[in-house]
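# Survey of secondary and tertiary structure
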Amino acid sequence: MTLYHKQLIREALTNYGLKNPDIHFIRHNENITCRVTEKGDSYALRIHLPVRGFSLALYEGDSPLERMKGEMELLLHLSRTATFPVQKPVPDRQGEYITLLADGTPCELLQWIDGEPLEQDDAGRYAGDLGILAARIHEASRGFAGKRLSYSHGLVQKMGEELDCARRRGHMSAELRSVCGDVLDEVGHIMMVLDGDPEAKSLIHADLSFGNVIRTPQGLAPIDFSLSGYGYRAQECGMLASDYGDEEAQKRIRENYERVSGIAIDPHHMRAFLGFSILLFITAQHNRYGQEKWFRDSLLRWANGIFDQIIKKRY
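Worth saying up front: this structure is predicted, and the values here are computed from it rather than measured.

### Looking at the side chain of Ser202
- Note that Ser202 resides in strand β9 (residues 201–204).
- Setting aside its immediate chain neighbours within four residues, Ser202 contacts His138, Gly229, Tyr230, Gly231, Tyr232 and Arg233.

### Remarks on the pairing of strand β12 (residues 229–232)
- Pairing of strand β8 (residues 149–150) with β12, which is carried by two bridges, proceeds in the parallel orientation. Note on β12: the bridge partner recorded for Ser150 is Tyr230.
- Judged from the four bridges that link them, β9 and β12 form a sheet pairing that is antiparallel. Each bridged residue has a counterpart across the sheet, and for Ser202 the counterpart in β12 is Gly231.

### Concerning unusual backbone geometry
- Within the chain, Ala206 stands out as a residue other than glycine whose phi angle is a positive 75°.
- Mapping Ala206 onto the fold places it in the loop between β9 and β10 (213–216).
- The backbone phi angle of Asp224 is positive, close to 60°, even though this residue is not glycine.
- In this fold, Asp224 is placed in the loop between β11 (219–222) and β12.
- Judged by its relative accessible area of 14%, Asp224 falls in the buried class.

### Some details on the pattern of salt bridges
- Evaluated as defined, the whole model comprises 17 salt bridges.
- The partner of Asp114 in a salt bridge is Arg35, and the shortest N-O contact between them spans 3.6 Å. Remark: Arg35 occurs in strand β2 (residues 32–38) and Asp114 occurs in the loop between β6 (106–111) and β7 (116–117); sequence separation between them is 79 residues.
- Between Glu108 and Arg46 there is a salt bridge whose closest N-O contact spans 2.5 Å. Here the residue Glu108 occupies a position in strand β6, and Arg46 occupies one in strand β3 (residues 41–47), the gap between them amounting to 62 residues. Here the two residues Glu108 and Arg46 agree in accessibility, since each one is buried.
- Counted as one network, the salt bridges with shared partners bring together Arg27, Arg46, Glu71, Glu108 and Asp224.

### Structural notes on helix α4 (residues 153–168)
- Taking 1.5 Å per residue as the helical rise, α4 with its 16 residues ought to reach 22 Å, and the 23 Å between its terminal C-alpha atoms agrees with that figure.
- Along α4, the residues that are buried comprise Gly154, Leu155, Val156, Met159, Gly160, Glu162, Leu163, Cys165 and Ala166.
- Contacts made by the buried residues of α4 are with β8, α5 (174–194) and α8 (267–289).
- Looking one or two places after α4, you find Gly170, whose phi comes out positive at around 80°.

### Some words on the packing of aromatic side chains
- Taken as a whole, this structure holds nine aromatic pairs when the rule is applied.
- Arranged with centres 5.8 Å apart and planes meeting at 25°, the rings of Tyr232 and Phe273 form a pair that is stacked. Pair noted here: Tyr232 is in strand β12 and Phe273 is in helix α8, with a separation of 41 residues, a long-range link.
- Overall, Tyr232 belongs to the buried group, its relative accessible area being 2%.
- Where Phe281 meets Trp302, the ring centres are 6.3 Å apart and the plane angle is 80°; that geometry is what we call edge-to-face. Remark: Trp302 occurs in helix α9 (residues 293–314) and Phe281 occurs in helix α8; sequence separation between them is 21 residues.
- The exposure class of Phe281 is partly exposed, given its relative accessible area of 31%.
- Grouping aromatic residues by their ring pairs yields a cluster made of Phe281, Tyr289, Trp294, Phe295 and Trp302.

Cut-offs and rules
- Residues numbered from 1 in each chain as written.
- Predicted model: local features only at pLDDT ≥ 70, side-chain atom pairs only at ≥ 80, totals over all residues.
- Heavy atoms only, no water.
- Helix = DSSP H or I, 4+ residues; strand = E, 2+ residues; numbered from the N terminus.
- Contact = heavy atoms within 4.5 Å.
- Pairing = 2+ DSSP bridges.
- Buried < 20%, exposed > 50% of the residue type's maximum accessible area, 1.4 Å probe, protein only.
- Salt bridge = Lys/Arg side-chain N within 4 Å of Asp/Glu carboxyl O.
- Expected span 1.5 Å × (residues − 1).
- Phe/Tyr/Trp six-rings, centres within 6.5 Å; stacked < 30°, edge-to-face > 60°.

And the structure:
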């Protein structure tokens, strides 16, 4: 962390009346995230200051501040409806759930959930449990109508424009741009099909990666709803599957989701949204990683693997 980051953290904690807390830095991506402990109570502090190269400009809708307010409203909703542990927002000294620092940077404080984040080594063992958790999130989110991200046709169009940008900047070849475009076209077609079925859509977490799921004595708990939004059930399952190369584990995600939700998920739809998840990463991060060898190697692997499977299934 820089000196500026440390100053922001101290200013933020003062607004919440925390005078001498222990501070443990966790990560910096969309937010600076820290664990804060004082007098035996622990909290998660998040300061909305994206790391260089990280952007949510692809997403339609409201300002970052409005989206943060919507996330806090969602957490309050889930605290009343969910059957799993939820991080509740903590009001500042003025009773607000979002605090604006002196330079205009927004931040929030959340109750800490004790437990351990899932690790890659836990992947196979928890695949089915993650399908269950996704179904429970969707059920608990019913009735919420606050401001969140939109996983929509407009987003697909913007992703296509960003792929063109990646091509112009030399972050991918013309051939790779064409392959990615074919996958986006298929996702757009699937969205049109699912738009005709209200039960196919839900408010989704959209980022149930291992670091955003905590093992607790009460079961798995999701954290970090900053990318949550209005999307598709098959999308959530496909995004979950993107953490698994094992098709059997992917199948367990889908079957357990269907068993708990009572809603069938088309395997091809799920696989296409798995590709969509990868494309979201590519379009959001190519300016940050486009010149790095691992990124270029990953593009080729995705194109020759999951993307090729999606396109062949389409035709």
